[in-house]
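Residue-level structural notes
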Amino acid sequence: MSTATDTVVAPQRRDPDDINRANVPKIVIGLFGLILTAWALGNLFLAFGYYPQWFLDNKILIAALALIGGVGGAALLFWFLNMFIEGLPNRLSQGIMPYAFLLPGFGLIALMLIYPTIQTINYSFANANSTEYVGLANYKDIFGSKDFWNAILNNLLWLALVPAITVAIGIIVAVLADKLSAQGEKVSKSIIFLPMAISFVGASAIWNLVYAYSDKSQSQVGLLNAIVTKLGMDPKTWLQISDGKLNSLLMMVILIWLQVGFSMILLSSAIKGVPDDTLEAARIDGASELQIFFKVIIPQIRGTIVTVFITVVILVMKVFDIVYVLTNGRDNSDVIANLFFNEMFANSQAGRASAIVVVLLIAVLPILWYQVKTFREEQMNR
Amino acid sequence: MAQVHRRRQLVAMGGAILTTTLLSACLQNPNASDGGGAAGLNGYVDNTQKDGDKVVTILGAFGGDEKKAFEASLAEFEKSSGIDIQYTDDNNFTTIVKTRVTAGDAPDIALFPQPGGLIELAEAGKIQPIDSVLDYDTLATTLVPGFLESTRYKGRSYGAPMRMAVKSIVWYPKPAWTEAGGKTEFTSLQDLAKNTDAIKGKGTAPWCMGWGSDAATGWVGTDWIEEMVLRVSGPDVYDQWVSHKIPFNDPQILKAFAEFGKLAKGDGNVFGGAANIINTKFGDAMTPAFQDPPKCYLMRQGNFATGFLPKDVQADLDNKVGIFVFPPLDGGYGGQPILGGGDLAAQFNGNDPDTIEVMKFLTSDKFGGPWAKVGGWLSPHKTFDATNYPNELTKQMAEIVSSADVFRFDASDLMPKEVGSGTFWTEMVKWMNGASDEETATAIENSWPKS
């Protein structure tokens, strides 16, 4: 009896002990392999730059070697990393393993996202060349400038109008298209979705032709002015008219035109996902179509509406291309992103530009937070 | 205990391996410079390129057809001298040349489109002064006056031009303009105004103007003000204005605004008025002049404007378009000023005999024959053989250039970016839309970076 228990228990006792002990050769090979691979890779890539003659000055050869070296090297690095961690005592190894494999990804995010963010905040307190700290001078500058407040006002206007109108048109089109024949729905949706495929700059160039102005003695190139002159009025310089923010409104039309397709597609699929029995039940209870729409459909697609709305809100916060191409902020039509671009790249004022971006960042944060929150809630409700 | 000890040993060993590898065996840049070699009055600047190897590297901003024409202009020289000239173009030249020079990887010669970047590197002691390698006195007599001054730093010139562009040209539609009673030579702006007033009296606006240039709208207006400053107050005030020794809203500058206002804001003087000026692309400005009947006649624009004229006009330039120089102002600066630009060659390898040979050729009046024949190129030398130019129009431009009293670079290119490609543009648009001279000049003055 006793010998039997001994033989059964003994390996169990030995086993955890064995696993918990570090596997020294594995650690050494792993670590050494890691360093060697990193060193060899580093030198390979330096050699590409410094001694192209080693590779016969052949760019295709260098590119091929870079691909092999990059992909193969990364695989090798992971393999040695894995070996190194497996060699560690079991408890430690199991704790570290997921982090070790997350590390490169997280490192990249940190390098590409977090580091620039922190650096931008840092530079917003520095001078135009980011060589010396100037305290809050940049913030005082931008908050004291009329152009900045004008841009903020314009951004608020964009925010107030564009997302709401985009969602509203998106819902209307989605509902109406739902009532069409299958073929009609497909065609009408495709047409409305088409502008989504056009870049912002391309769309701005197209609409530039719509708003173009020529002297009244010339033939009108601009569509809008062609219509206006056909009606017997003088052509107008549409994008220069800032009364009632007309020029800003005309530019918003472009963004709405671009985004309605996106909004429609998401909302349409949400509407199609509304269970038929709820509609049936409402009809049996004698609800009108309007009541069904507002009291049955809308509450059930609320989540999608919020998602679309917030996506467009964030897009609007960043709106730049349209304004840059059409007016570059002239005639009181500037927005924050364009103001930033001009401070940074036209005026080389890195400090003030960073300060503007930080203000933009702070303004976007609550919206992002709200989006993440609603997304989580929705996930929980599912 | 023993285990902990071993782990420590392991860590120490790993750390040692890591540091030694990192410190010892990484490749070093074989071309790295050994710090900044100062180029004072004695000695020379040097780059890391091999000297005397019959290879000269040139970095410039222009590519495409211009690059081809440039290389064609060098072909014969390469054959006779046995020097292989390798030209690289980079459309981000301004940044690239600075990075390469400070990193110790300077080309033998760089061709700067503006003097700003050149002066900056001359200050850093990276450029060979031209008087030590070129025949300065000959250059000074054959070049259009003003070029060598533009590259001057602490009394020495650091670059010499190999190409020029001229902006002070007035274009007119040949048959229509004479038919309307337009003269083709003017002694002064007043003389010109008398002629244009007579044409205005017949019911057609004399001037065509287009300032539209998408995000850069307004630059045409800055050229006009620069022309006027040169004519009202002369090159000395112009230089002070550019370097901000006098404020932007100085009375002398305001006088230039007023002079331009008479021309541009005069009722019926410019086709279509402010709305049309701002909404017409600069390239389309002169299109109404070729309509029948013409809606306007004159356009002041640089020599590059030929490329933007209607296709049928381009096909028959000499018979359809004429030019005259934008005349000086009576009671202003006495001489004939010319506004324009140019490519300035600067040398980074002071002790390479091949580079010196190439510099000598590039900046001489012998350079550019093949390029001139292709068109779109003007020699900065008064003594350049004008028979090389492809048409009467270009010969006339060369004539305008060589009879000029003083040449100045485009001021907006020389001013700080905030002003030169920022507020100067935008405020000119506001000025055209009705802002007063004082408002405009003061707004630009207030935007001048404080340092």
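Residues numbered from 1 in each chain as written. Chains lettered and ligands numbered in written order. Predicted model: local features only at pLDDT ≥ 70, side-chain atom pairs only at ≥ 80, totals over all residues.

If you check an unreviewed UniProt entry, chain A appears there as Alpha-glucoside transport system permease protein AglF from Nostocoides australiense Ben110. Listed in UniProt under the heading Subcellular location (unreviewed entry), the comment for chain A reads: "Cell membrane". What the UniProt record of chain A gives under Sequence similarities (unreviewed entry) is the line "Belongs to the binding-protein-dependent transport system permease family." (UniProt positions renumbered as here; feature names shortened; annotations may be inferred.)

Turning next to the overall build of chain A. If you tally the helices and strands in chain A, you get 16 helices and zero strands. Scaling as 2.2 N^0.38, a compact globule of 382 residues should have a C-alpha radius of gyration of about 21 Å, whereas chain A reaches 31 Å, well beyond that. The proportion of buried residues among the 382 residues of chain A is 25%. (Helix = DSSP H or I, 4+ residues; strand = E, 2+ residues; numbered from the N terminus. Rg over C-alpha atoms; globule rule 2.2 N^0.38 Å. Buried ≥ 20, exposed ≤ 12 C-beta atoms within 10 Å, placed from the backbone.)

Before going further, it helps to examine the pairing of strand 10 (residues 337–347) of chain B. Residues and elements named next belong to chain B. Most of strand 10 sits out of view: eleven of its eleven residues are buried. Of the two faces of strand 10, the one carrying Pro337, Leu339, Gly341, Asp343, Ala345 and Gln347 and the one carrying Ile338, Gly340, Gly342, Leu344 and Ala346 are both buried. Relative to strand 10, strand 3 (residues 109–112) runs antiparallel, the two being bridged by four bridges. Bridge pairing links Leu111 to Ala345 in strand 10. Inspection of the sheet shows strand 10 paired to strand 11 (residues 406–409) by four bridges, in the parallel sense. Considered in strand 11, the bridge of Pro337 is made with Val406. (Pairing = 2+ DSSP bridges.)

Before going further, it helps to spend a moment on unusual backbone geometry. That bond from Asp292 of chain B to Pro293 of chain B is cis: its omega, -5°, falls within 30 degrees of zero. Mapped onto the secondary structure, Pro293 of chain B falls in the loop between helix 11 (273–279) and strand 8 (299–300). If you check the backbone angles, Asn328 of chain A has positive phi at about 50° while not being a glycine. Here Asn328 of chain A is to be found in the loop between helix 14 (321–326) and helix 15 (336–346). Look at Lys154 of chain B: it is not a glycine, yet its phi comes out positive at around 50°. Along the polypeptide, Lys154 of chain B turns up in the loop between strand 4 (152–153) and strand 5 (156–157).

Here, UniProt's "transmembrane region" (unreviewed entry) annotation points to residues 27–48, 60–84, 96–115, 156–178, 190–213, 248–267, 305–326 and 353–372 of chain A. Split by type, residues 353–372 of chain A is 100% helix and 0% strand. Its first and last C-alpha atoms lie 28 Å apart.

According to the domain assignment, chain A consists of domain 1 (16–105) and domain 2 (139–192 + 251–381). Taking only C-alpha atoms into account, the centre of domain 1 of chain A sits 45 Å from that of domain 2 of chain A. (Domains from an automatic or database assignment.)

Let us look at the packing of helix 9 (residues 219–242) of chain B against helix 18 (residues 417–432) of chain B. Describing two packed helices takes the angle between their axes plus the distance from one axis to the other. All names here are of chain B. Taken N-terminus to C-terminus, the directions of helix 9 and helix 18 make an angle of 85°; their axes are 8 Å apart at the nearest point. By the angle between their directions, the pair helix 9 and helix 18 is classed as roughly perpendicular. Packed against helix 9, whose contacting residues are Trp219, Gly221 and Thr222, the element helix 18 presents Phe424, Trp425, Met428 and Met432 at the interface. Class assignment for the residues of the contact of helix 9 with helix 18 results in five nonpolar, two polar and no charged. (Axes fitted to C-alpha atoms, helices over the stretch in contact; angles between N-to-C directions. Parallel < 35°, antiparallel > 145°, perpendicular 65-115°, else oblique. Contact = placed C-beta atoms within 7 Å. Nonpolar A, V, L, I, M, F, W, Y, C, P; charged D, E, K, R; others polar.)

Using the residue numbers shown here, the UniProt feature "domain: ABC transmembrane type-1" (unreviewed entry) corresponds to residues 152–369 of chain A. Regarding residues 152–369 of chain A, the helix share stands at 73% and the strand share at 0%, and the terminal C-alpha atoms are separated by 21 Å.

So, on to the sheet that holds strand 7 (residues 169–173) of chain B. Backbone hydrogen bonds are what pair the strands of a sheet, in a parallel or an antiparallel way. All names here are of chain B. Taken together, three strands build an open sheet; the order of strands is 8-7-9 and the sheet is antiparallel. The open sheet is flanked by strand 8 and strand 9 (321–325), the only strands paired with a single partner. Sheet analysis places strand 7 next to strand 8, joined by two bridges and oriented antiparallel. Each residue of the ladder has a partner; that of Val170, found in strand 8, is Arg300.

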